[in-house]
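# Tertiary structure, described
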Amino acid sequence: MTRVLIFGGKTGWIGGLMAELVKKEGLECFCADSRIENRGDVEAELEKVNPSHVLMSAGITGRPNIDWCEDHKPETIRVNVIGTLNVADLCMMKGIHCTIYATGCIFKYDDAHPLGSGVGFTEESFPNFAESFYSETKGYMEQMLKCYPNCLILRVRMPISDDLFHRNFVTKIAKYERVVNIPNSMTVLTEMLPASLAMAKKGLTGVYNFTNPGVISHNEVLDLYTKYIDPTYTYKNFTVEEQAKVIKAGRSNNELDTTKLMRDMPEGIVINDIKTACDLCFQRMKVNLEKQYGKLPDDLPAEFRRT
C-alpha cells in the first residue's frame, strides 16, 4: 500500500475518518473528486492518481435517514448500485485492490438465527431483509460484488464514534423520545477502521462481517450515554410494531458472526467485544465532548438535552 484513493473522502463520514488514518500512516492519500455514478470521471481519476488501493465509502443513506430512499429509488440505485459497481469494476480492470464499506443491515432475526440465541449470520448467509429499499439494494449489490476478486467487502452495522456526529448511531437514538430495545451487532469505528486499513494492506478480499464480536441493545447503549455523558437523560421504549407506525421503511435487527473476521485479522490489531468496545468508546466520548463543549451535561447543545 503506497497510494490510496478514497471515494467519499471529501464529504463522507467514514471516508473522512479513513483519510485521517491513511495520512497518519504516512501514505499518499487522495480524496476523489469524481462522483461514483459517472463512470467516465471515475476512470479518468483512477488513471490520474494511479492508486495502489481504493477505499470506497461513497453512497446514499438518505437524509435524515433511510426513509428518504423509499421516495428516491432511481437516485438510490444510481449511486448505491451503479456507482458502486463502477468503482469495483474499474478497479478490477486496472488491477487495484478495492475496499468497500458496505452494510450488514441486510438481515433480520429468523428461525435459524433467533434473537438472543448467539447464532449469527455468516458471510455465506443470503440476505433475508428487504423491508427498506436501502437494504434491498445493498442486499443484491453484495451478491454482485462477490464476483469481483479484487474487492474486500465489509459489512458495517450501526456505526458508533467517539463524538456526537450526526451519523453516529448514538447521536441518532439519543435524540429519539422512544427506542426499540433489541440486541444488535454494531461497529465501533475507533477500533474497526484501523482494522480495515490493516486488512486492505494484507490484501484480504471477499465478504467480512465487520462488527465488534457480540451484540448490545439500544437500552445498553443509552445507559452508557447516561452513565458517561448525561446523568439526567431519560428514554422510553416502544415495540417494533409501534415503531413501524412512525417510519416509512423497516429497520434491520440482527447478529453477525465474527468468527471469520477474528480469524483473519492481521497481527497487532485489537478488536474488543461490543460491550467492552462501547464502554471504552463512551469514556473517550466524555473526554472529547468536555474539550469541545465544556462541562457535561450542562454545556451540551440544546438538541441533546431533555427539557
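As the structure is a prediction and not an experimental result, all values here were calculated from the model.

With that settled, consider the overall build of the protein. On a plain count of helices and strands, the protein comes out with eleven helices and eight strands. Scaling as 2.2 N^0.38, a compact globule of 307 residues should have a C-alpha radius of gyration of about 19 Å, and the protein matches this with 19 Å. Dimensions of the protein, computed from the C-alpha atoms along their principal axes, are close to 55 × 45 × 40 Å. Taken across its 307 residues, the protein has 54% of its residues classed as buried. Partitioning the contacts of the protein with sequence separation of at least 6, the portion at a separation of at least 24 is 79%. Taken as a whole, the protein presents about 13,600 Å² of accessible surface, with 52% of it coming from carbon and sulfur. If you average the places of the 36 positive and of the 40 negative side-chain charges in the protein, the two averages end up 3 Å apart.

Attention now goes to the packing of helix α4 (residues 73-93) against helix α5 (residues 133-145). As a packed pair, α4 and α5 sit with axes 10 Å apart at the nearest point and diverge in direction by 20°. When the axes of α4 and α5 are compared, the pair comes out roughly parallel. The two elements α4 and α5 cross, and the hand of that crossing is right-handed. Where α4 abuts α5, its residues Lys-73, Thr-76, Ile-77, Asn-80, Val-81, Thr-84, Leu-85 and Ala-88 lie against Phe-133, Tyr-134, Thr-137, Lys-138, Tyr-140, Met-141, Met-144 and Leu-145. The residue inventory of the contact of α4 with α5, partitioned by class, reads ten nonpolar, four polar and two charged.

In this section: the pattern of salt bridges. Applying the stated criterion across every chain yields a total of 15 salt bridges. Here Arg-263 and Asp-264 are joined by a salt bridge, their closest N and O atoms 2.8 Å apart. Take Arg-263: its relative accessible area is 59%, and that puts it in the exposed class. You can call Asp-264 buried: its relative accessible area is 15%. With a shortest N-O distance of 3.3 Å, Lys-286 and Glu-290 are connected by a salt bridge. Pair noted here: Lys-286 and Glu-290 are both in helix α11 (residues 274-292), with a separation of four residues, about one helical turn.

On to a nonpolar patch on the surface, then. Together, Ile-77, Ile-82, Tyr-140 and Met-144 give the surface a local cluster of nonpolar side chains, amounting to about 300 Å² of exposed area. When contributions to the nonpolar patch are tallied by element, the ones reaching two or more residues are α4 and α5. Mapped onto the elements of the fold, Ile-82 is located in helix α4.

What counts, and where the lines are drawn
- Residues numbered from 1 in each chain as written.
- Predicted model: local features only at pLDDT ≥ 70, side-chain atom pairs only at ≥ 80, totals over all residues.
- Heavy atoms only, no water.
- Helix = DSSP H or I, 4+ residues; strand = E, 2+ residues; numbered from the N terminus.
- Rg over C-alpha atoms; globule rule 2.2 N^0.38 Å.
- Buried < 20%, exposed > 50% of the residue type's maximum accessible area, 1.4 Å probe, protein only.
- Contact = heavy atoms within 4.5 Å.
- Areas by Shrake-Rupley, 256 points an atom, 1.4 Å probe, with all protein chains shown as cover.
- Lys, Arg positive; Asp, Glu negative; His and termini not counted.
- Charge placed at Lys NZ, Arg CZ, Asp CG, Glu CD.
- Axes fitted to C-alpha atoms, helices over the stretch in contact; angles between N-to-C directions.
- Parallel < 35°, antiparallel > 145°, perpendicular 65-115°, else oblique.
- Left-handed = near helix turned anticlockwise from the far one by under 90°.
- Nonpolar A, V, L, I, M, F, W, Y, C, P; charged D, E, K, R; others polar.
- Salt bridge = Lys/Arg side-chain N within 4 Å of Asp/Glu carboxyl O.
- Patch = residues over 30% accessible without salt bridge, like charges linked within 9 Å, V, L, I, M, F, W, Y side chains within 5 Å.

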